Structures are given as structure tokens and as C-alpha cells.
2 protein chains.
Amino acid sequence: MSILVVGSVAFDNIATPSGRVENELGGAATYFSLAASYFSDVRVVAVVGEDFSAEHEQVFRRRGIDIRGIEHAKGKTFRWGGQYLDNLNEAKTEFTELNVFETFQPHIPPEYMDSQFLFLANIHPSLQAAVRLELENVRLTGGDTMNYWIQRTRKELEETLRMVNVLLINDTETKMLANEKNLPRAARKVLALGPQALVVKHGEYGATIFFREGAFGIGSHPFRAPALPIDEVKDPTGAGDSFAGGFIGYIASQGQLTREVLKRALFYGGVMGSFAVERFGTARLQSLTREELEARFQIFRELTHLE
Amino acid sequence: MSILVVGSVAFDNIATPSGRVENELGGAATYFSLAASYFSDVRVVAVVGEDFSAEHEQVFRRRGIDIRGIEHAKGKTFRWGGQYLDNLNEAKTEFTELNVFETFQPHIPPEYMDSQFLFLANIHPSLQAAVRLELENVRLTGGDTMNYWIQRTRKELEETLRMVNVLLINDTETKMLANEKNLPRAARKVLALGPQALVVKHGEYGATIFFREGAFGIGSHPFRAPALPIDEVKDPTGAGDSFAGGFIGYIASQGQLTREVLKRALFYGGVMGSFAVERFGTARLQSLTREELEARFQIFRELTHLE
């Protein structure tokens, strides 16, 4: 089934201990859609500038991603520069040029209106809500946010969270959103704001999914998926969005919204995140095979499963 | 089979967001032996002062722990004070009074000489080595250490590591010992120093066991066990030693030293660590039932196992 993702397409300058790249195609919607494309049809709503070329379009097209929803505006594409020289777990932003993204108003092409799965990548919560409200056939909405929106647009964010079924954020964001240091307690507070499930991404330690009592099945036990210990993290950029792409992509590929599907989706999220960081930018996500993907899923499984 | 543990018995002053206690029975050998006592016979080699009473002895005796190796010396027992008010993951030490522990020389009672499993808790590496060398029937030696010994007694520690089969330390200690920031690479460097397996404890994120190629079975794939997301960590003191007690205790209870046994042991380590932090001091570890333990093991399993 089709997934619509709304979010950023960007050009990134990235420095890590493994090297540096400039003008690398990136952005949340890019990482998400490439990762999800291995599981489901994906449609992108975003905005780019005049520096977005036919070559860049090809990165999406080669993966069968529908980019009729990428608007071409006058000016430059969103640009971000950051480095991970001291800490691979957290980017130090060096510059942010919003450019055409500053006035971004998502326009949903009519052909996208039947989308059944939606991912609201990290943009202003009011834009997230507007997109959600336009779509009438959505069965499951995934969402992301960040400290910036939690602190500055709390009211709008709470409005949006009522429409999000699965929120995917990290430990720090969860605790900040709940104003609570203990993770399980913070998770319950976040679930009380609306989502039926909360995926907390722990970076190199994997992710935990917390369920609201009775959502997607019986009980409220959390579930954890590991991350693979990786010898060389070349570039952590986009790992979280790739995780979300694997997670929502797998769910959309299954008929049912059950806990077992969401648990497996958590593993596939980890799998896609682990591929993303192996090379700079989206290089690894552009050229995966189904076999590589299933082999990695098995490694993740063996990493935590007792006989 | 019997486990001999050598390490500290202490009285702790502890402050956490949940409250504070004074003169609480603690120390690595105490936490370890209580946790391991649910799986195997345990023998303790340690030193205490005149303030160690018959009541304190009873805490060990009620769990069937052999304390003939606890030496009673003139003076006061080792005392430690610390708080976790800002950060439950790391104690801020407020005072350390070594007292009788300062001149501790482990004496192994003749009745202990047939011990087949050994745990060298966190003491001077030369004392660890001396104990290991005295015991001729040991099948598996587990060991712990800390930043203090890594930085100040590197040579002695490397000597000891050649005699340790499974080293149990945390992320920071692993990276410090290997002088390498990437965890899998650091793990390989630590394994090159001697141990056949390395258990890296991640606190609230569980633990990973790395195997030297071919040790305890085929291949060198790591294995991860989760930690339970806990609503209220009352007191993190002793979590790592309780983890080690569950880990070595379970191994000693099994006939074979296989990877599958070590993987299950990693889960039991997590189980005992999760109980330890539920109450102040050793309270929870004193009164567990086999049923509670197995029920928690199942919860840990369900936390990560796909159908």
C-alpha cells in the first residue's frame, strides 16, 4: 500500500571522522522514502530549488518513488551543514539555510489523495496537521518532531499529536516532551497526548516501542529491537529517518496493524538505519538488494534471540 | 557447581531521588553472591571490620552462602557514600573509607580450593591474579575492573586479563581499556588482551557479549540482551555486580560452557540487575523466589523475541 511522506529534501555538508562530503543529497523525506521504497510504494511531498537537478530526481525515480509531489520553487534548496567529529551520536550543526523550505506549504497532488499510510517528517507541527487533515483514507500516521518544536510550538504540536498514531522520537525528545526523566513514565505521558504507540530511538542501542493499553492488541508491554554493533559508522546523518522508513514501509507492506507487525517493523527500522550509516549520504540506501535486507534482518534476529 | 567470589563487603550511604539510606550492607561481593545464590553454591572471600554483626552474616547465611572466607579484622568495614540525585546512571562518590579493605590480602580457605567458577570483583588486579593462581580447578573465571585500575595499574591489569575468561565491564571502561571509541573495535582489542568473551554492560540499555573468534563455539557474532524499562529505579547501587552474579551463577548451574549458555546467562544477568535496582541496597535480592525470577526471564524474552 502507498505511503505519503511529507518533509525536507536537502543538500548537506557533512564531516565525520571518516571524511567529509559537500552538497550531498539528503533531507528527512529523502532518507525516509529511499528506505521505505524497499517495502512499499512511496510518494513524496516536499519542495526543492533550482539547484535540484535531473540527476537528483533520478535517485528517487530509480527506486520507483513517486515525486510528483516535489514542488520546484525559485531559489535554492534547503541546505544544512554539520559535523560529528567529536560525537557520532549527535550532529553539531554548522549552518542551516532554509532557502525555499522557509515558506514551504505542502501541496498534495490529487493522485496522492488515496494514500493509506502517512509519515509526517520533522517539520512545523501545523504543517504536519494540515497534511493529515487533507487525507481521508489514512489508516496509520507516523510522525517525527524535535526539541525545537517541543519548546517553541508546544500547543500546535499537541494538536498534531492527537492525529499521530505512532510517534518516532529519541530518548531526549521523549523526556523533554513529557517533562519526565524516567523513560517508561515519560512514554506513558507521551501516549496520553494522543499516539497509540511511541517508538523511542536509542541510537546505537536500538529502539523501544511502547503501546497504549490495548492499542494494536492486548496489554501494554513494551518491545525492544537492538541495533547492530557497527565497526565503522561512516555518516550517522539520516539514520533516524531511514529507521522510520523501514518501520512504516514494513507496516504498509503488511495487511494488518497488529503488535506482531509493529514489532517486526521495529526490527526492519533498525535494519534500514544500520545500512544508512555505512556510507555517506544516501549511497547505501540507493543500492540495496532484497537479499541483503533479509540477511541483515536475520543478523538482527540472531543478535537477540535465544534458541 | 561452586562459585568463589572475591571482592568487597561494604556499608553504603546512598541518596537517590527515591530517598536515602545509611550504613546499608553492600559491596560488590555482597551483591554478586546474593544474585548468584539463586543459581549455584557461592563462597565469599572478603574482609569486614568489627562493625559487621551477626545480623549482617545472616543476610548471607539465609541464602545459603558460604562465608567462611570472610575475614574479620580489627577496625571498621569499608564504607562508601554516594548519590545519584542528578543522574541515575552514574554515582557521584561523596566519600570512600577503605578501612580494613585498605590492606586486604585475600585468604582462600582450604574448603574453597575445589571451586570451579571464580568471579574476581573489582579489586586491585594483582590481588585478582593472586587468587586466580591459587585455584587449580577453575573452569571459568569472570572478572570486573574499573577506570581507576585501567589508568593506574595497566601492567598488572593486563597480566590479570590473560587469566580472565569473561570480562564484565561497561561501555566507558571498554573504550578506555582499548583506547578506541568505536565499541565493536574496542571489544576486539580487549579480547586480544586475553579474555575469550567480553560482556559490555550498557546500563538501562542492557548488555552485549562479544566472543573471540571460535571461543565457546563457532564464529564471532555478538549477542545482545535487553534491560527492562523500569518505572522506578530506587537505587542503582550494585546493579552491575548483581548482573555479574546472575550471569556467572547461571553459567555455573549449567554443565556446559557453550554460546547458548552464555547467551541465556546474559538474560539472567539482566534479570538480576533489574531486581537489584527495585529497592535500596540488597533488599530485593534477599527475598526473591524462583518463580519471580523465571517470570522476569520470560518478560525479558518477550521484550525482544519475535514470534
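Cut-offs and rules
Residues numbered from 1 in each chain as written. Chains lettered and ligands numbered in written order. Predicted model: local features only at pLDDT ≥ 70, side-chain atom pairs only at ≥ 80, totals over all residues. Heavy atoms only, no water. Helix = DSSP H or I, 4+ residues; strand = E, 2+ residues; numbered from the N terminus. Buried < 20%, exposed > 50% of the residue type's maximum accessible area, 1.4 Å probe, protein only. Areas by Shrake-Rupley, 256 points an atom, 1.4 Å probe, with all protein chains shown as cover. Lys, Arg positive; Asp, Glu negative; His and termini not counted. Charge placed at Lys NZ, Arg CZ, Asp CG, Glu CD. Pairing = 2+ DSSP bridges. Axes fitted to C-alpha atoms, helices over the stretch in contact; angles between N-to-C directions. Contact = heavy atoms within 4.5 Å. Buried area = accessible area lost by both parts, 1.4 Å probe. Salt bridge = Lys/Arg side-chain N within 4 Å of Asp/Glu carboxyl O. Polar contact = N/O pair within 3.5 Å; in protein donor to acceptor, adjacent residues only side chain to side chain. Right-handed = clockwise from strand over helix to strand, strands pointing away. Least-squares fit on C-alpha atoms with pLDDT ≥ 70 in both. 1 Å grid on protein atoms, 1.4 Å probe; cavity = no way out; pocket = protein on both sides within 12 Å on 5 of 7 lines; lining within 4 Å. Points joined across faces, edges and corners; volume = space filled by probe spheres on them. Nonpolar A, V, L, I, M, F, W, Y, C, P; charged D, E, K, R; others polar.

Undergrad: Explain the overall build of chain A to me, and be specific about the residues and the numbers.
TA: From N to C terminus, chain A includes eleven helices and 13 strands. For chain A, the spread of C-alpha atoms along the three principal axes comes to 50 × 45 × 35 Å. Residues counted as buried form 61% of the 307 residues belonging to chain A. Taken as a whole, chain A presents about 12200 Å² of accessible surface, with 47% of it coming from carbon and sulfur. Of the side chains in chain A, 33 bear a positive and 39 a negative charge, and the two mean positions are spaced by 5 Å.

Undergrad: Describe the sheet that holds strand β12 (residues 207-211) of chain B, naming the residues involved and giving the relevant values.
TA: All names here are of chain B. Spatially, nine strands are ordered β5-β4-β1-β8-β9-β10-β11-β12-β13 in an open sheet, and the strand pairing comes out mixed. In this open sheet, the two strands that pair with only one neighbour each are β5 (70-72) and β13 (223-225). Pairwise comparison of adjacent strand axes, ignoring direction, gives a mean angle of 20° for this sheet.

Undergrad: How would you summarise the interface of chain A and chain B if you had to cite specific residues and measurements?
TA: Across the contact, 33 residues belong to chain A and 33 residues belong to chain B. Taken together, both faces of the contact between chain A and chain B bury some 3200 Å²; the carbon and sulfur share is 49%. Where chain A meets chain B, there are two salt bridges. Between A:Arg188 and B:Asp231 there is a salt bridge; the shortest N-O distance is 2.5 Å. Joining chain A to chain B, the criterion identifies 20 residue pairs in polar contact (both at pLDDT 80 or more). The set of elements that each furnish at least two residues to the side of chain A that touches chain B consists of α6 (171-178), α7 (183-192), β13 (223-225), α9 (259-276) and α11 (290-304) of chain A. If you tally residues by element for the side of chain A that touches chain B, the top one is α11(A), at five residues.

Undergrad: Quick one: what's the story with the pairing of strand β9 (residues 140-143) of chain B, residue by residue and with numbers?
TA: Residue and element names in this part refer to chain B. Of the two faces of β9, the one holding Leu140 and Gly142 and the one holding Thr141 and Gly143 are both buried throughout. Note that strand β8 (residues 117-120) and β9 share four bridges and pair parallel. Note on β9: the bridge partner recorded for Leu120 is Gly143. In this fold, β8 hands off to helix α3 (residues 125-134), which returns the chain to β9; that crossover is right-handed.

Undergrad: A description of the relation of the copies chain A and chain B should follow, citing residues and the corresponding values.
TA: Least-squares fitting of chain A to chain B yields an RMSD of 0.0 Å, with the transformation described by 0.0 Å of translation along the axis and a rotation of 180°. Expressed as a symmetry operation, the mapping of one chain copy onto the other fits a two-fold axis. Both copies present the same face, since 100% of the interface residues in chain A are matched by interface residues at the equivalent positions in chain B.

Undergrad: I'd like a description of empty space enclosed by the protein, backed by residues and values.
TA: Gaps between atoms show up when a probe of the same size as a water molecule is rolled over them. Counted according to the given criterion, the structure contains three cavities of 30 Å³ or more. Roughly 100 Å³ of volume is contained in the largest cavity. Around the largest cavity, the lining residues are A:Tyr205, A:Arg224, A:Ala225, A:Pro226, A:Thr304, B:Tyr205, B:Ala207, B:Arg224, B:Ala225, B:Pro226, B:Ala227 and B:Thr304. Secondary structure elements with two or more residues in the lining of the largest cavity: β13 of chain A together with β13 of chain B. The class makeup of the residues in the lining of the largest cavity is eight nonpolar, two polar and two charged.

Undergrad: An account of the sheet that holds strand β10 (residues 166-170) of chain A is needed here, citing residue identities and associated values.
TA: All names here are of chain A. Strand order in the open sheet made by the nine strands is β5-β4-β1-β8-β9-β10-β11-β12-β13, with mixed pairing throughout. Lying at the two open borders of the sheet, with one neighbouring strand each, are β5 (70-72) and β13. For this sheet, the mean inter-axis angle between neighbouring strands, taken without regard to orientation, is 20°. Inspection of the sheet shows β10 paired to strand β11 (residues 197-201) by five bridges, in the parallel sense. Looking across to β11, one finds that Val166 is bridged to Ala197.

Undergrad: Tell me about unusual backbone geometry, and name the residues and values.
TA: Residue and element names in this part refer to chain B. Phi angles above zero are rare outside glycine, and Asn23 is one such case at about 55°. On the secondary structure map, Asn23 appears in strand β3 (residues 19-26). Residue classification places Asn23 among the partly exposed positions, given a relative accessible area of 43%. Although it is not a glycine, Asn99 adopts a positive phi angle of roughly 50°. Tracing the backbone shows Asn99 in the loop between β7 (92-97) and β8.

Undergrad: So, the environment of B:Met163: which residues are in play, and what are the values?
TA: Residue and element names in this part refer to chain B. Inspection of the secondary structure puts Met163 in the loop between α5 (154-161) and β10 (166-170). A sequence separation of 24 residues divides Met163 from Ala187, and the C-alpha atoms of the two residues are 17 Å apart. In contact with Met163, not counting residues within four places along its chain, are Ala129, Arg132, Leu133 and Thr141.

Undergrad: Lay out the side chain of A:Arg224 with the relevant residues and their values.
TA: Relative to the elements of secondary structure, A:Arg224 occurs in strand β13. Buried within the structure, A:Arg224 lacks any salt-bridge partner; B:Glu204 is the closest side chain of opposite charge, at an N-O distance of 5.3 Å. Within the local environment of A:Arg224, its side chain forms a polar contact with the backbone oxygen of B:Ala227, the two atoms lying 2.9 Å apart.

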